[in-house]
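The chain contents come next:
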Amino acid sequence: MRRRTHLVIAGLMAVMPLAAVSPARAVTLEIDPVHSVAGFKVRHMMISNVTGEFGKTTGVVNYDPADVGKTTVEATIDASTITTRVPDRDNHLKSPAFFDVEKFPTITFKSKKVEKAGDGKLKVTGDLTMKGVTKEVVLDVDGPSAPLTTPQAVKYGASATTKINRQDFGVSWNKTLDTGGVAVSDEVTIDIELEMVQKK
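Residues numbered from 1 in each chain as written. Predicted model: local features only at pLDDT ≥ 70, side-chain atom pairs only at ≥ 80, totals over all residues. Heavy atoms only, no water.

Peer 1: Got a minute to help me understand the nonpolar core in this structure?
Peer 2: Considering soluble globular proteins, one finds that nonpolar side chains tend to be buried as a cluster. By size, the foremost hydrophobic cluster in this structure holds 44 residues, and its most contacted members are Phe 54, Phe 99, Ile 107, Val 124, Ile 164 and Met 196. Excluding residues that lie within four positions of it along the chain, Phe 54 makes contacts with Val 37, Ala 38, Phe 40, Ile 77, Asp 78, Ala 79, Thr 81, Ile 82, Phe 99 and Ile 107. (Core = buried A, V, L, I, M, F, W, Y, C linked by side-chain atoms within 4.5 Å. Buried < 20%, exposed > 50% of the residue type's maximum accessible area, 1.4 Å probe, protein only. Contact = heavy atoms within 4.5 Å.)

Peer 1: In this structure, what is going on with the environment of Ala 183? I would like to understand it.
Peer 2: If you trace the backbone, Ala 183 turns up in the loop between strand E11 (154–165) and strand E12 (184–198). Taking the C-alpha atoms as reference points, Ala 183 and His 44, 139 residues apart in sequence, are found 5.6 Å from one another. (Helix = DSSP H or I, 4+ residues; strand = E, 2+ residues; numbered from the N terminus.)

Peer 1: So what exactly am I meant to see when it comes to the side chain of Thr 71 here?
Peer 2: Residue position: Thr 71 is located in the loop between strand E4 (57–63) and strand E5 (72–78). When its relative accessible area of 6% is taken as the criterion, Thr 71 is described as buried. A polar side-chain atom of Thr 71 sits 3.1 Å from the main-chain amide nitrogen of Asp 64. Beyond its immediate sequence surroundings of up to four residues, Thr 71 is in contact with Val 61, Asn 62, Tyr 63, Asp 64, Ser 111 and Val 114. (Polar contact = N/O pair within 3.5 Å; in protein donor to acceptor, adjacent residues only side chain to side chain.)

Peer 1: Help me out: how do you make sense of the environment of Asp 191 in this one?
Peer 2: Of note, Asp 191 is situated in strand E12. In this structure, the C-alpha to C-alpha distance between Asp 191 and Asp 140, residues 51 residues apart in sequence, is 9.7 Å. Engagement of the side chain of Asp 191 in a polar contact is seen with the side chain of Thr 161, the distance being 2.9 Å.

Peer 1: What exactly am I supposed to notice about unusual backbone geometry here?
Peer 2: Among all residues except glycine, the phi angle is most often negative; among peptide bonds, the trans geometry is most common. Here the amide bond leading from Gly 143 into Pro 144 is cis, since omega sits at 0 degrees, within 30 degrees of zero. Of note, Pro 144 is situated in the loop between strand E9 (133–142) and strand E10 (148–149).

Peer 1: For this particular structure, what's the right way to read the pattern of salt bridges?
Peer 2: Here the structure, examined in full by the defined rule, presents nine salt bridges. Between Lys 123 and Asp 140 there is a salt bridge, with its nearest N and O atoms 2.5 Å apart. Note that Lys 123 is positioned in strand E8 (residues 121–130) and Asp 140 in strand E9, a separation of 17 residues in sequence. Residue Lys 123 is classed as partly exposed on the basis of its relative accessible area of 34%. Under the relative-accessibility criterion, Asp 140 is labelled partly exposed at 36%. For Asp 186, the salt bridge goes to Arg 166, with nearest N and O atoms at 3.8 Å. With a gap of 20 residues between them, Asp 186 in strand E12 and Arg 166 in the loop between E11 and E12 connect regions that are remote in the sequence. Judged by its relative accessible area of 4%, Arg 166 falls in the buried class. (Salt bridge = Lys/Arg side-chain N within 4 Å of Asp/Glu carboxyl O.)

Peer 1: What should I look at first to understand the packing of aromatic side chains in this one?
Peer 2: The way to describe two aromatic rings as a pair is by their centre distance and the angle between their planes. Applying the stated rule across the entire model yields four aromatic pairs. Aromatic pair Phe 54 and Phe 99: ring centres 5.6 Å apart, planes at 85 degrees, arrangement edge-to-face. In this pair, Phe 54 sits in strand E3 (residues 48–54) while Phe 99 sits in the loop between helix H2 (87–94) and strand E7 (106–116), placing the two residues 45 residues apart along the sequence. For the pair Phe 54 and Phe 99, one class covers both residues: buried. When the ring of Tyr 63 is compared with that of Tyr 156, the centres are 6.3 Å apart and the planes differ by 75 degrees; the resulting orientation is edge-to-face. Of the two residues, Tyr 63 is situated in strand E4 and Tyr 156 in strand E11; the sequence distance between them amounts to 93 residues. Taking the relative accessible area as the measure of exposure, Tyr 156 reaches 10% and is therefore buried. Taken together, the aromatic side chains of Phe 40, Phe 54 and Phe 99 make up a single cluster linked through ring pairs. (Phe/Tyr/Trp six-rings, centres within 6.5 Å; stacked < 30°, edge-to-face > 60°.)

In structure tokens form, the structure reads like this:
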């Protein structure tokens, strides 16, 4: 009887470490547009930064924490929701001089490669399509976070950033200043904050 008890305990001890390190399952996450935002920052008049954001971002992330290379990301930004808190400037940005939102109502991103980039960080390479032009960009991602379980859903968070040259996408309006330089820099910093809900 004692020998059988020892065998059972030994068996449990052998199984428990395996259960503790078993990989997390892949999950499908939907971007929550209410709690997500795609922001940007651009140099203005060579002396200060102007910031703005797009108010509606949607999409799906298929996240595999055990093998991040299998992770995929697809996101769509509603270009018409752009705001810099200045109505006249916002109207100019929506015009053909910048985003031409009537002709190109969305900005999209589709991943091609996802890699680990340190503890809790990823590099996501993919195609960014804006104003009908598609270019490859690399997002530096902090996250996804550990899952948070609420009574309503299981949620994840992530932050991403990248820099682009707006001229590459045909967003080319500018004005030369009398004092030298230009009104708007070509380099644009993009910062994205995501809250994602796990699909059941």
